[in-house]
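One-letter residues, chain by chain:
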Amino acid sequence: MGYSESGDGIAARVKEQADIVQVIGEYVELKKAGVRYLGLCPFHGEKTPSFSVHPGQQFFYCFGCGASGDVYSFLMKYHNLDFPEALKNLAARYQIELPERRQSAQEKERERLRKRMFAVNEKAAAIFREFLIQSPRAATARRYLEKRQIPPETREQFKLGYAPSPDSGGWDFLGSQLNREESQIAEQLGLLVKKETGGTYDRFRDRVLFPIFDRQGRTIGFGGRILGDGQPKYMNSPESPIFNKSRSLLGLYQQGDAIRRRHQAVLVEGNFDLVSLVVHGCPNVVAPLGTALTVQQLQLLKRYAEECVLLFDGDAAGVKAAIRSVPLFLSEQMAGKVALLPAGHDPDTYIQEEGLAALEELLEKAMPLPEFVLAQLVEEHGLTLDGKNRIIQELRPLLQAAASPLQRSLMLSHFSETIGLPAEELGAAVTVQDSVPLPPEPERPQAASRQILVPLRSSQKRLLTFMILYPAYFNKLEEAGIRSCLRGTVGEILFLQLMDLLKKNSEVEPEELLAGLPEGGERKIVAEILLESSSGNNELGCQGTDAELSELLLWLQKEELGEQSKKLMEQITECSRQNKGVELQECLRQKMEVDKKLQSLRPRILE
């Protein structure tokens, strides 16, 4: 559907009319706390409110799980909607008419075709499902499912069906039950295949069929597992205007709620692996459709889960599949782990033989993907000089995929310990001219991209906390030299982010800084500061008073003078070494003045 106004225009008009507190308040019990509202987050289980709604800036943020966004984001995440659906929902709520753009003849035809394709897929699914349930000719398929311990209720949950073999159903079992227009559409969907001699035959024969659903529950394609001999063992519908296997996940429609409740998705490779895990009590599981994990599939999962565990066979293929996925997780800033099964097992056999408790223990011990990759590389190449060179080369794409300088720095620091190479040298070794460019980011300090970020001292943490909680004092802190004090730390990055926000709007709330940060260490630090502040558990005691500001400004002045004294001492030493008498006397005079000013300052020591 299109609208006569631009997408941004109509969306902005609807959002302006909407009251985010009222909308979210229908799903979350909110209580006012200052200028914001607090409640229990609907996206993760918690007992202490950490879900904040800010009516002035029209956005929400959860300090616990990191969920954030505007009123559209909330509806999309809560109800699993896409943006047009959320816009339509919100417009109807506030009785705002969305003027439809007049469609061209081609657009109308495309929309009509899509609707007919969904309808034909639904009819085919019903035919296959009914055949599996009732036909005597499907007895072999039912016995197969019983042998694999798939009970009738699970078959119904996944709408499983059966396409008979040509011996029992002929080559046109499905085609014979469709009218002419339906047959033409079924051919475009790949359900029917055109013969060179004319006519069509069924694509799926002697296969247990898994309907593939989109997030709205519409049948977009099929995956079939052959019962008898023949290849391929698994076959999916070909791609069509309504089906793209790289953008779809088997089981996500059925298991999405369970994934959200557990904040974790388990990814397996096979259709029956998925169903078997669900049968035996592991509901938060999905499967790709015969392909390696794609970035689009990961983006789908991010709507439901905070992390994904890859449950793969422990053979070489499983290890390679896990390693290939690491750059995707890094670029999408989603937590990824890998759990490898014992030799000779797939997820289906493992849970049937070892049980749910053993599987849950295996998932609990899953290794974070970057650490898993490094362990595999060490095992493969060893830590000889040649082995380390090979490891460094293979780490290059991982570090290039890091989504932020901080993430890259943390990885360099962690990897360097195992390899036995200083982080700076490791960073230089994996940096290449033709590296994949990262998305453009706000101005960052040079130190962040070249070296490890320095940990914050307690005094720096207090300055940073004050700056974030009380942006109204930003200009005074900047004039006093707070950036120099924070240089080389994550605090400098946050300083630049806040400065960028204040250039656009002179009045900024702390949550706005948080909402604009990508997932990662920077956002985590700000969330922790805001969470401590909102809970009244601020260990650093920042209150935002004029007296506290004066103390901090005085301390910054002391730090600046201390740096000047240090530099002058270095110049004095150098002048003395080179016998530069005149310059030496001038440096001594300046140092005495600086030290005198330092002696006159007696602020409370922050450390």
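Cut-offs applied
Residues numbered from 1 in each chain as written. Predicted model: local features only at pLDDT ≥ 70, side-chain atom pairs only at ≥ 80, totals over all residues. Heavy atoms only, no water. Pairing = 2+ DSSP bridges. Helix = DSSP H or I, 4+ residues; strand = E, 2+ residues; numbered from the N terminus. Axes fitted to C-alpha atoms, helices over the stretch in contact; angles between N-to-C directions. Parallel < 35°, antiparallel > 145°, perpendicular 65-115°, else oblique. Contact = heavy atoms within 4.5 Å. Nonpolar A, V, L, I, M, F, W, Y, C, P; charged D, E, K, R; others polar. Salt bridge = Lys/Arg side-chain N within 4 Å of Asp/Glu carboxyl O. Buried < 20%, exposed > 50% of the residue type's maximum accessible area, 1.4 Å probe, protein only. Left-handed = near helix turned anticlockwise from the far one by under 90°.

Enquirer: Got a minute to help me understand the sheet that holds strand β12 (residues 264-267) in this structure?
Expert: The strands making up a sheet associate through backbone hydrogen bonding, with each pair oriented either parallel or antiparallel. Strand order in the open sheet formed by five strands is β13-β12-β14-β15-β16, with mixed pairing between adjacent strands. The open sheet has two edge strands with one neighbour each: β13 (285-286) and β16 (367-368). Relative to strand β14 (residues 307-312), β12 runs parallel, the two being bridged by four bridges. Within β14, the residue paired with A265 across the bridge is C308.

Enquirer: Could you clarify how one ought to interpret the packing of helix α5 (residues 105-134) against helix α6 (residues 139-147) in this entry?
Expert: When two helices pack together, their arrangement is given by the angle between the helix axes and the distance between those axes. Closest axis-to-axis distance for the α5/α6 pair is 7 Å, and the angle between their directions is 80°. On the basis of their axis angle, the class for α5 and α6 is roughly perpendicular. Taking contact as the criterion, the partners of F131, L132, I133 and Q134 in α5 are, on α6, A141, R142 and L145. In terms of residue class, the contact of α5 with α6 is made up of five nonpolar, one polar and one charged.

Enquirer: When you look at the pattern of salt bridges in this model, what are you seeing that I'm missing?
Expert: The tally for this structure, following the rule as stated, stands at 24 salt bridges. The closest approach of N and O atoms between E109 and R112, which form a salt bridge, is 3.5 Å. One end of the pair is E109 and the other is R112, both in helix α5 and three residues apart, which spans about a single turn. With relative accessibility at 41%, the residue E109 sits in the partly exposed group.

Enquirer: Help me understand the environment of I20, please; the structure alone is not making it clear to me.
Expert: Structurally, I20 is set in helix α2 (residues 20-25). Look at I20 and you get buried, because its relative accessible area is 0%. Separated by 497 residues in the primary sequence, I20 and L517 have C-alpha atoms spaced 21 Å apart. Setting aside anything within four residues of it in sequence, one finds I20 in contact with G25, V53, H54, P55, Q58, F59, F60, D70 and V71.

Enquirer: What exactly am I supposed to notice about the sheet that holds strand β10 (residues 219-226) here?
Expert: Read from one edge of the open sheet, four strands run β6-β9-β10-β11, paired in antiparallel fashion. Edge positions in the sheet fall to β6 (161-163) and β11 (234-236), since each of these pairs with one other strand and no more. Across the sheet, the axes of successive neighbouring strands diverge by a mean angle of 30°, strand direction being ignored. In the sheet, β6 pairs with strand β9 (residues 207-213) via three bridges, with the strands oriented antiparallel. Considered in β9, the bridge of A163 is made with R207.

Enquirer: Help me understand the pairing of β9, please; the structure alone is not making it clear to me.
Expert: Within a regular strand, side chains alternate between the sheet's two faces. β9 sits mainly inside the fold: seven of its seven residues count as buried. A two-sided burial pattern is seen for β9, the buried positions comprising R207, L209, P211 and F213 on one face and V208, F210 and I212 on the other.

Enquirer: Looking at this structure, I do not really get unusual backbone geometry. What am I missing?
Expert: Residues other than glycine predominantly adopt negative phi, and peptide bonds predominantly adopt the trans conformation. The omega torsion across Q231 and P232 is -5°, close enough to zero to call that bond cis. Along the chain, P232 falls in the loop between β10 and β11. Positive phi, normally seen in glycine, also occurs at Q149, with a value near 60°. Within the secondary structure layout, Q149 lies in the loop between α6 and α7 (152-157). Since its relative accessible area comes to 39%, Q149 is described here as partly exposed. Residues other than glycine seldom take positive phi values, yet K159 does so here, at roughly 55°. Within the secondary structure, K159 sits in the loop between α7 and β6. In this structure K159 comes out as partly exposed when scored by relative accessible area, which is 29%.

Enquirer: Where do I start with the packing of helix α27 (residues 546-577) against helix α28 (residues 581-600) in this structure?
Expert: Running from amino to carboxyl end, α27 crosses α28 at an angle of 160°, the nearest separation of the two axes being 9 Å. Judged by the angle between their axes, α27 and α28 are roughly antiparallel. When you trace α27 past α28, the crossing you get is left-handed. The segment α27 lies against α28, with K558, L561, G562, Q564, S565, L568, M569, Q571, I572, C575 and S576 engaging E583, L584, C587, L588, Q590, K591, V594, D595, K597 and L598. Tallied by class, the residues present in the contact of α27 with α28 amount to 10 nonpolar, six polar and five charged.

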